[in-house]
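Given next are the chains, with one letter for each unit.
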Amino acid sequence: MREFRYERAADPAAAVALLADEPHGAFLGGGTNLVDLMKLGVATPDVLVDVRELASREVTELPDGGLRIGAGVPNADLAADRRVRERFPVLAQALLAGASGQLRNRATTGGNLLQRTRCGYFTDVTRPCNKRSPGTGCGALEGVHRNHAILGQTLEGPGTCVATHPSDMAVALLALDAVVRVLGPDGERSIPLAELHRLPGDDPSRDTTLRHGELITALDLPPLDLPSRYRKVRDRASFAFALVSIAAALRVEDGVVREVRLALGGVAHTPWRSRAAEQALVGQPATEESFAAAADAELAAATPLRDNTFKVPLTRNLVVRTLLELTGAAA
Ligand SMILES: Cc1cc2nc3c(=O)[nH]c(=O)nc-3n(C[C@H](O)[C@H](O)[C@H](O)COP(=O)(O)OP(=O)(O)OC[C@H]3O[C@@H](n4cnc5c(N)ncnc54)[C@H](O)[C@@H]3O)c2cc1C
Ligand code: SF4
């Protein structure tokens, strides 16, 4: 592992000031992803600015009935918070579907959002990977890509990348229309979660729209008055990343879909909001046929790879099954 400096700051503004002058520095949350990547030589920061104890570890009420989640809240505490379990069950379920109890105790809300892809070529410095070493190619495109993306990939050119975003929590937050609050060298700003993560485009090295030195301080959750749930399909029952996952919320009145939120995990470089499926569903009868038609509307854009075509029917089935379950709850 390369040598680096470890810094602690007095407050968030001081942490931001410390990193502003360090183009190759990084914030350190729980370290459960970043330190692993440093050991592998994938991440090589000169300086780590530890923000785990600095970022708020509180969940507080917002005046509109929503919640503010401090960036330092451990994943385990957030999943256990009674307000989250009762008012945002999709979020508690997504958190509990991720990693392991020990990791969730250590991992922070801010760090979870910014964890990097688990593509095996990205984490192996001897392999070609446009995300880790721009211009070297994408080993996964013709290699091992069973658990890679089926939507929104860049399939040719120097930006080629077919990786997926690994976070379960982020999928639920996307369906909840969460807003990310950041503090940077130029002050504070708010970013809708839907605008935080980015598709590979022509530069897969950038996962997000954050600028260098911007610290995530909190997440705001607007109130939710729909039944919601998270489902995750994976190769084994725990300690595995999603093959496909879904965060869904649904309102059904008189047998008709009045409101629906759908976000998918394991299918793209970002958590994937299923706008086409949502639009196809509103005003339709809450039936298996409508749910399948909505899933098909979303998946019409899918471009699966040689070994992950199975994700298309898997996603379709997951959408239908989850919406049927929610229809029961909504009724
Ligand atoms: C074996 C294993 C299995 C896992 N399984 C799952 C799973 O199934 N589902 C899942 O969702 N996750 C899974 N995880 C990932 C785990 O959830 C993440 O590693 C964790 O959430 C990252 O949080 P952290 O606080 O440790 O982040 P760190 O590792 O400290 O940081 C991650 C990134 O965020 C940046 N960062 C941290 N805090 C801030 C901040 N406040 N502002 C700006 N930047 C910041 C860091 O610079 C770094 O780039 C797994 C991890 C492991 C090791
Ligand atoms: S899919 Fe993306 S992360 Fe994986 S090898 Fe290709 S460029 Fe790298």
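Note: the structure precedes this text.
Residues numbered from 1 in each chain as written. Chains lettered and ligands numbered in written order. Predicted model: local features only at pLDDT ≥ 70, side-chain atom pairs only at ≥ 80, totals over all residues. Heavy atoms only, no water.

Chemist: Could you give an account of the layout of surface pockets, with specific residues and numbers?
Modeler: Computed from the structure, the second largest pocket encloses a volume of approximately 290 Å³. Taken together, 20 residues form the lining of the second largest pocket, with Arg118, Cys119, Asn147, His148 and Thr164 sitting closest to its centre. Split into classes, the residues belonging to the lining of the second largest pocket amount to 7 nonpolar, 10 polar and 3 charged. (1 Å grid on protein atoms, 1.4 Å probe; cavity = no way out; pocket = protein on both sides within 12 Å on 5 of 7 lines; lining within 4 Å. Points joined across faces, edges and corners; volume = space filled by probe spheres on them. Nonpolar A, V, L, I, M, F, W, Y, C, P; charged D, E, K, R; others polar.)

Chemist: Explain helix α5 (residues 89-96) residue by residue, including any values.
Modeler: Within α5, 6 of the 8 residues are buried, leaving the element largely enclosed by the surrounding structure. Among the residues of α5, Pro89, Val90, Leu91, Ala92, Ala94 and Leu95 are the ones counted as buried. (Buried < 20%, exposed > 50% of the residue type's maximum accessible area, 1.4 Å probe, protein only. Helix = DSSP H or I, 4+ residues; strand = E, 2+ residues; numbered from the N terminus.)

Chemist: An account of the pattern of salt bridges is requested, with residue identities and associated values reported.
Modeler: All told, the structure shown has 28 salt bridges when counted by the stated rule. One salt bridge connects Arg211 with Glu214, and the closest N-O pair in it is separated by 3.8 Å. Accessibility expressed as a relative area gives 46% for Arg211, which makes it partly exposed. In this structure, the salt-bridge partner of Arg231 is Glu325, at a minimum N-O distance of 2.5 Å. Highlighted residues: Arg231 in strand β9 (residues 228-233) and Glu325 in helix α12 (residues 311-330), separated in sequence by 94 residues. Each of Asp177, Arg261, Arg273, Arg275 and Glu278 takes part in one network of salt bridges that share partners. (Salt bridge = Lys/Arg side-chain N within 4 Å of Asp/Glu carboxyl O.)

Chemist: Describe the sheet that holds strand β10 (residues 244-253), with residues and values.
Modeler: One open sheet holds the 4 strands; their spatial order is β9-β10-β11-β12, and the pairing between them is antiparallel. Only two strands of the sheet have a single partner each, and these edge strands are β9 and β12 (272-273). In the sheet, β9 pairs with β10 via 6 bridges, with the strands oriented antiparallel. Its bridge partner lying in β10, Lys232 is registered against Ser245. Set on the sheet, α5 makes contact with β9 and β10; between it and β9 the angle comes to about 20 degrees. (Pairing = 2+ DSSP bridges. Contact = heavy atoms within 4.5 Å. Axes fitted to C-alpha atoms, helices over the stretch in contact; angles between N-to-C directions.)

None of this, on its own, says anything about what the molecule does.
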